Structures are given as structure tokens and as C-alpha cells.
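# A closer look at the structure
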Amino acid sequence: MKLVFVHGWSVTDTETYAGLPEALMKLASDDLNLEIQHLYLGRYISFNDAVTLDDIAFAFESARLRELEGETFSVITHSTGGPVIRNWLARFFDSENMNLCPIQHLVMLAPANHGSALAQIGKSRISRLASWFSGVEPGQKVLDWLELGSDGQYELNTHWLQQESWEAGPYPFVLTGESIDKTLYDYVNSYTAEKGSDGVVRVASANMNFTHLKLHQQDTQCNSFNGECVSQLAMKAGIQTATPCAFEIIPRASHSQSKMGIMNSVTKRNASRKPVVSAILQCLSVDSVSDYEQVSKLMAQRSNMVKRKASYNMLVVRVTDDHGHRVTDFDLFLLSGKAFHPGQLPSGFMLDKQKNSVNGNCITLYLDSSKLLKIADGKLGFKIIARPDTGFSYYQAAEYHCEDISVHELIKADQTLMLDIVLKRHIHKETFSLVNTELSGPFDSLTGFTAKS
């Protein structure tokens, strides 16, 4: 099996993956017959502020054709490398020709599949964080993609939902850590020590097991609550979940660096004691859908054995209207209990809230799922108040109550819920009017009205 390590931009040697390639060669069974090859994207594209994730995906295709030609191979990625290869898959191998994909296994280490909270803090500060790309400075367009709730993530992740099975395509695996290397802590930015993350990427963000829910505001007479007009949000297509993807939380693993890094800390001497090495070799041994399902179960069992104080999840809310406009000025409330009231949520259930600085209509909430899963009566709801709420074009408040489903179907530990809310855009009846000039007098330019003669 040819195993390709995808190195990032501006990287010219194998130090990015430290001793991991040698460790895999040393401990791999004879049946795997591993042949390690390194592919450096930096040779094919200049990584600067103008470069997008799409550009890097096309660069990977160029590198693949030149270096690997038509050979099949498996690939190991780290951090942003996971979304890069997923983007490449979406661009070059759709559902109709997925059987032609040359990749057999896609093993993603600490991938930022749903972004990173650190991406918003600014390029200059990102470049100073040793835990980010192992010393590789990211460009602005890539940071825009990595920012929580980006349009690029939405496009790629909704495309992922179309995959019905892994029989035709590469077998995907996500291995990520949940430990913080204190030597990398940035005292100016608490995200580097965030609970439920490896210091850069949250567990829920790495996980490719996620849920998508789309709610539409109903075009009906709204109800009045305390003098406020609130209409109903309703599902049209139901809850959409991704095809189960093998996922494992690696104990005592941070995002990078030689002490605890999920890949950088692997050496020849400690390889046999590193859970990530044995997990990768197990992933590479998968040769059928039944194998994949069995390994997925084993990975889940090992994850459940990791000692954890709590689990967390992300709620990514995107608000648009039925005319296709982004709604950027809104307040979002979580509701719970039989009365679906915002005041009944458990204390400390929300750890973080971040609005996307580029698109403006998306907000990401970081929640303590251990607490939310215990809410009263297992009922969860959402309320949104958007502006403008008066004038010629305006929005009315809307609520969703999960009457028929449980909170456990919406909030899942270590996962992400992508929530689309589509509001009804109301146009005031006086915005445009027709005047019968035969029944009216001459038009008065000062008052804007016609006077009958």
C-alpha cells in the first residue's frame, strides 16, 4: 500500500509529521506492505493571502497526477489538510464517478472540518501561535474558510451529507485529541486552553458525524405573545444526518508540538505506546464495508474509555430569508421545558458564542452537551428576533418547538448541529401602489399625493 503524507505550504522537509511515518513503517504488518511517499503542496502553489482552499485542492490534483500518476494510495492529513482533501474529493469525484477515486483510506488527524475558533483572532496573532500549523503561517483566504460558520464549510459539509455509503469512495477516519499542552497556552487568548478541544480544533469540529436541520417560517397568521407577534418555524425536509464516519478521541493528544502533539510527539522509541499509531494502522487495514463498520465500533469503544469530565457540541446557525438575502441583524434564544422558555436552561450551558465576521448571517454556539441533554422534559426550541422588524421591508419573530422529537436528536455529544433558519420577508402593502389618474386629480410633487378635482 502506498501511503502519502500531505505536507502543507512552505514545508520542505518531513519534520511536519515528525517520527510518525517511520513509526508506521516499523510497526505495520507484512500484509500492509507500506510504502511511504511525501507530497509537498508548496512546490505547486504559492501560499499567500490570495490562495483559497479551492486553489490548494487543485494544487493537490496537479501534484497527484505528476507524482503518483494513476496509482491508488491512502493519505494521512493533519489539521487543515483534512478539509483540503475533502474539497479535492468534492471537486473531482462526485457520486457518479466516485468508484474512480484513487484514494483508498483518508485518515484525518485533528482536522478542522467545522473550522476553528482561533481563525477569527487575526492573521498576525495566528502566526505567533506555535500550536497552529507547526510554524506554518496561514493566508487570509484560508483563515476565512477556517472561521467558524464560513460559507466554504457550509458548502463542503452539505455536500458531504450526500454520501450514502463508503462502498465506492475512500474509507474516512477522524482521529483527534482533547488535551491541552500548557506550554502552548496563549494568555491573551483562552481558546488555546478551551475545554473539549486540542488547543486549536474542538472535538465537535473535527467530527464528521453531524446533523443538518432546516427550519422555514410559516406564511400564516402569527400568534401574539405579550404583545409580540411570533410565528412558527417548521421543518420541511426533516433532520438530515451524515453517513456514520469512524471517529476516535486519542487520549493525551494535543494539536501539535513534540510533547503531546497527535503526530509530532511520535518517535521510534515511543511508537509502540502511542495509541494514535495503532489506530492509524487499524484504519489502513480496512478492506471492506464490514471491516469499516467493525473498526468504527472499536474506535467508538476506545473513545468511551477516555476519562472525560464533560462533553461539548457546536450549534452553527445560519439565517437567511425566503428572498435569498442574508439576515445579519438578529437575536437568537434557546428555549426549553414544556413552556419552551429561555429561562429554564441550565446554568453554564454555553461556553462560547462567535459570529462569522465575513458573512455576518451565521453564529456558532459552543455548548455543554452534558448539561443540555438533561434539560427539563427533554424539550428544546429556538426563537429568533430579526431586524428590521418595522418599515417597508421587515421580519417577524419566530419560534421552533421540538414537540415531536427529543433534545437527543438535536444535541449530540462531540458533534455539530448545522441549523438553517429561513425567515419570511414581509413587504409593506404601501411600498408600491397604483393610482387611477382618471379618478384622481393632478399629482402634487410636494406632498406626494394626488388631489381630486
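These remarks concern the structure in this document. (Residues numbered from 1 in each chain as written. Predicted model: local features only at pLDDT ≥ 70, side-chain atom pairs only at ≥ 80, totals over all residues. Heavy atoms only, no water.)

## Details of unusual backbone geometry
- Of note, the bond from R387 into P388 is cis; its omega dihedral lies within 30 degrees of zero at 10°.
- Mapped onto the elements of the fold, P388 is located in the loop between β15 (380-386) and β16 (393-394).
- For N33, which is not glycine, the phi torsion reads 50° and is therefore positive.
- Here N33 shows up in the loop between α1 (20-27) and β2 (35-40).
- According to the relative accessible area criterion, N33 is exposed, its value standing at 56%. (Helix = DSSP H or I, 4+ residues; strand = E, 2+ residues; numbered from the N terminus. Buried < 20%, exposed > 50% of the residue type's maximum accessible area, 1.4 Å probe, protein only.)

## Things to note about the packing of aromatic side chains
- Tallying each qualifying case throughout the model produces nine aromatic pairs.
- Ring centres 4.9 Å apart and planes at 80° place the aromatic pair F60 and W88 in the edge-to-face group. Of this pair, F60 sits in helix α2 (residues 53-67) while W88 sits in helix α3 (residues 81-92), placing them 28 residues apart in sequence. Accessibility assignment for this pair places F60 and W88 in one class, buried.
- Here F382 and Y400 contribute two aromatic rings whose centre-to-centre distance is 6.2 Å and whose plane-to-plane angle is 15°, an arrangement assigned as stacked. Here the residue F382 occupies a position in strand β15, and Y400 occupies one in strand β17 (residues 397-401), the gap between them amounting to 18 residues. The same class applies to F382 as to Y400, namely buried.
- Grouped by ring-pair contacts, the aromatic residues F60, W88 and F93 constitute a single cluster.
- Above the ring of W160, the side-chain terminus of R86 is found at 4.8 Å from the ring centroid.
- When the ring centre of Y366 is taken as reference, the NZ or CZ atom of R202 above it lies at 3.9 Å. (Phe/Tyr/Trp six-rings, centres within 6.5 Å; stacked < 30°, edge-to-face > 60°. Lys NZ or Arg CZ within 6 Å of the ring centre and 35° of its normal.)

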